[in-house]
Each structure stands twice: as structure tokens, then as C-alpha cells.
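Chain by chain, the residues run as shown.
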Amino acid sequence: LDILKKEAKTMDKMSPMVWGDNSSKNVRHNDIEEQFSIQGVLPVYNQLFSLPMQYGRFINNMDIDGYRKVCVIGYTVYEKMFPDGGNVVGEILYLSNIPYRIIGVGKKQKQGFGNSDDVVLLPITTLQRAYNRGQEIHQLVVSARPGVKAEEVETEVKTILRRIHNIAPNDEKALWSWNMEQMFTGINYTILGLTILLWLIGLGTLISGAVGVMNIM
């Protein structure tokens, strides 16, 4: 992470993510048990995924440095674990039978990439210690600097990672990445194609109607 921060000139923000125990009924409060995704993140996560708080606050650097046993819960987690509602900041939530204090509740999100409604977020250092993850990173989310294409960031980050881990240049399976810019570009082209098709159909209908009227006249 430190090397990427120093060398990746096209990168703006970077959020490492680590998963905890996602087994059945891994989240408990009183008699309610449910299954949710447990993730360890840094404070910058909230800048990349924009999770506004309904109650409380997001994870901060003091939580990271102090390995605090605190958590932020998504709106779906809040609804299912606390059916009576209200401000639950300060309540204890058991994750894999380990108690964590709730410091924040996220507002309901729109569906899509980065939706945090059904996620429990912990300080990444706390999760690494609690689940014996060491220095493991399961996913790395990066954003591009203004005016830089996501493809350029993707290429630069993967090039640096290949060098650090001695990955062969022709080994395409060692690193997996997903470029959201490409996905949105594809969607935009699809919408543009449908728009053009509808215009052609409408124009064709008008022409055929005009020809029909001319024949009658």
C-alpha cells in the first residue's frame, strides 16, 4: 500500500478491504441472528463509496490506530437487527461471537456497486487482528486523479503490483481487476444505440404515414 501511494501517479484515493467471517448467522444482537458481510476498511472507504450516516459517525484514524472494537452498520443490517428502530449508536453487536460497539448507522443506499446496506464495517486493523488475517488484503479499490482515465490507473497499479510480487508480464490470471469506467462506457453506448434505433423507427413511421397520405390525395 505504501509503495502504491508513493509510485502510482495516476491514482487519487485507495481503499484496501479485508473480509471477515461471512458464515451463517455471523451477526447477533439479543435473540436476533442474521448473516451479513463483515469487512475491514479504512476511513477513506467513505470517500470512495459515499456512505452518509443516519446516526453517529464513520470509522476514523483513531479507531484504526487503536484497534478499536467498533463497527458501522448498513441500513439493512440496522432494520433487521433493530426492528424497533431508533438511534442504536452505543449498542453492542456480536460478530462471530465477538462484541463490537456500534458507532454509526448508514443511510439507505441506491442499488449498485459499492452498496453498503447489508454490510458491517470494522476498522481494517481490528478485523485483521480479530480474524488473524495478518497483512492480507482481499480487495483494493482505487480512483483516478481528475482528468485521468480509469484504464491508465488500472494499468499503472497492476504494473507496480507485478513488479513488487515478481509476476510474469504474460501471466494474466495472477491479478484480477474490474474497470467501472468500461462498464459505464458500455452502458452509455447501449443507451445511445437504443436512442438512435427509436429515432429511426419514429422517422420511418412518419415517412410511411406521409407516403400513405400522399397516395390517398
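Visitor: What should I look at first to understand the overall build of the chain in this one?
Guide: If you tally the helices and strands in the chain, you get 7 helices and 10 strands. Burial statistics for the chain: of 217 residues in total, 35% are counted as buried. Only carbon and sulfur atoms are counted for the fraction: they give 55% of the accessible area of the chain, which is about 13400 Å².

Visitor: How should I be thinking about the confidence of the model for the chain in this particular structure?
Guide: Parts of the prediction with low pLDDT should not have their coordinates interpreted in detail. In the predicted model, the chain carries a mean pLDDT of 86, and the fraction of residues at 70 or more is 84%. Averaged over each element, pLDDT in the chain is lowest for helix H7 (residues 180-216) (63) and highest for strand S6 (residues 70-73) (97). Counting contacts from residues 184-189, a segment whose pLDDT is below 50, to residues more than four positions away or on other chains yields 0 contacts.

Visitor: Even after reading the chapter, I still don't get the packing of aromatic side chains, so can you show me in this structure?
Guide: Centre-to-centre distance and the angle between the planes together describe a pair of aromatic rings. Under the defined criterion, the tally for this structure stands at 4 aromatic pairs. Ring geometry for Tyr45 against Phe49: centres 4.5 Å apart, planes inclined by 35°, an arrangement best described as tilted. In this pair, Tyr45 and Phe49 both sit in helix H2 (residues 45-49), 4 residues apart, roughly one turn of the helix. Here Phe49 falls in the buried class, since its relative accessible area comes to 12%. Seen in terms of ring centroids, Tyr75 and Tyr78 are 5.8 Å apart; in terms of plane orientation they differ by 50°. Their pairing is tilted. Taken together, the residues Tyr75 and Tyr78, both in helix H4 (residues 75-81) and 3 residues apart, mark about one turn of the helix. With respect to burial, Tyr75 and Tyr78 carry one shared label: buried. Among the aromatic side chains, those forming a connected cluster through ring pairs are Tyr45, Phe49 and Phe58. Geometry around Tyr94 places Arg28 over its ring, the cationic atom sitting 4.4 Å from the centre. Sitting over the ring of Tyr67, Arg129 keeps its end group 3.7 Å from the ring centre.

Visitor: Can you help me understand the pairing of strand S4 (residues 37-41) in this one?
Guide: For a regular strand, the rule is simple: side chains alternate between the two faces of the sheet. Burial of S4 is extensive: 5 of the 5 residues sit out of reach of the surface. Judged by which residues are buried, S4 turns out to be covered on both faces: Ser37, Gln39 and Val41 on one side and Ile38 and Gly40 on the other are all buried. The sheet contact formed by strand S1 (residues 11-19) and S4 spans 2 bridges and is antiparallel. Bridge pairing in S4 places Val18 opposite Gly40.

Visitor: Explain the nonpolar core to me, please; I cannot follow it from the model alone.
Guide: A general feature of soluble globular proteins is that nonpolar side chains tend to end up buried together. Among the nonpolar cores identified, the biggest contains 37 residues, and Phe58, Ile73, Leu93, Leu95, Val120, Leu121 and Leu122 are the most heavily contacted of them. When sequence neighbours within four positions are dropped, the list of residues in contact with Leu122 reads Ile38, Gln39, Gly40, Val41, Ile59, Val70, Cys71, Leu95, Tyr100, Leu127 and Tyr131. Judged by nonpolar contacts, the second largest core, of 10 residues, contains Ala8, Val157, Leu161 and Leu175.

Visitor: Is there a simple way to think about the pattern of salt bridges in this case?
Guide: Any two side chains of opposite charge can pair, given that their charged atoms come close. By the definition in use, this model includes 4 salt bridges. Among the salt bridges present, the one from Lys13 reaches Asp12, with a minimum N-O distance of 3.4 Å. Lys13 gets classed as partly exposed once you look at its relative accessible area, which sits at 26%. Owing to a relative accessible area of 36%, Asp12 belongs among the partly exposed residues under this scheme.

Visitor: Mind showing me how you'd approach the side chain of Ser143 here?
Guide: Within the secondary structure, Ser143 is located in strand S10 (residues 139-144). A relative accessible area of 18% means that Ser143 is categorised as buried. For Ser143, the residues in contact, after removing those within four places along its chain, are Thr10, Met11, Asp12, Lys13, Leu48 and Val153.

Visitor: Any chance you could explain the environment of Glu136 here in plain terms?
Guide: Position of Glu136 relative to the elements: it lies in the loop between helix H5 (124-130) and S10. Through-space distance from the C-alpha of Glu136 to that of Val18 is 7.1 Å; in sequence the pair is 118 residues apart. Setting aside residues no more than four positions away along its own chain, Glu136 makes contact with Val18 and Gln128. Within the local environment of Glu136, its side chain forms a polar contact with the side chain of His138, the two groups lying 2.8 Å apart.

Reading the values: rules and limits
- Residues numbered from 1 in each chain as written.
- Predicted model: local features only at pLDDT ≥ 70, side-chain atom pairs only at ≥ 80, totals over all residues.
- Heavy atoms only, no water.
- Helix = DSSP H or I, 4+ residues; strand = E, 2+ residues; numbered from the N terminus.
- Buried < 20%, exposed > 50% of the residue type's maximum accessible area, 1.4 Å probe, protein only.
- Areas by Shrake-Rupley, 256 points an atom, 1.4 Å probe, with all protein chains shown as cover.
- pLDDT = per-residue confidence, 0-100.
- Contact = heavy atoms within 4.5 Å.
- Phe/Tyr/Trp six-rings, centres within 6.5 Å; stacked < 30°, edge-to-face > 60°.
- Lys NZ or Arg CZ within 6 Å of the ring centre and 35° of its normal.
- Pairing = 2+ DSSP bridges.
- Core = buried A, V, L, I, M, F, W, Y, C linked by side-chain atoms within 4.5 Å.
- Salt bridge = Lys/Arg side-chain N within 4 Å of Asp/Glu carboxyl O.
- Polar contact = N/O pair within 3.5 Å; in protein donor to acceptor, adjacent residues only side chain to side chain.

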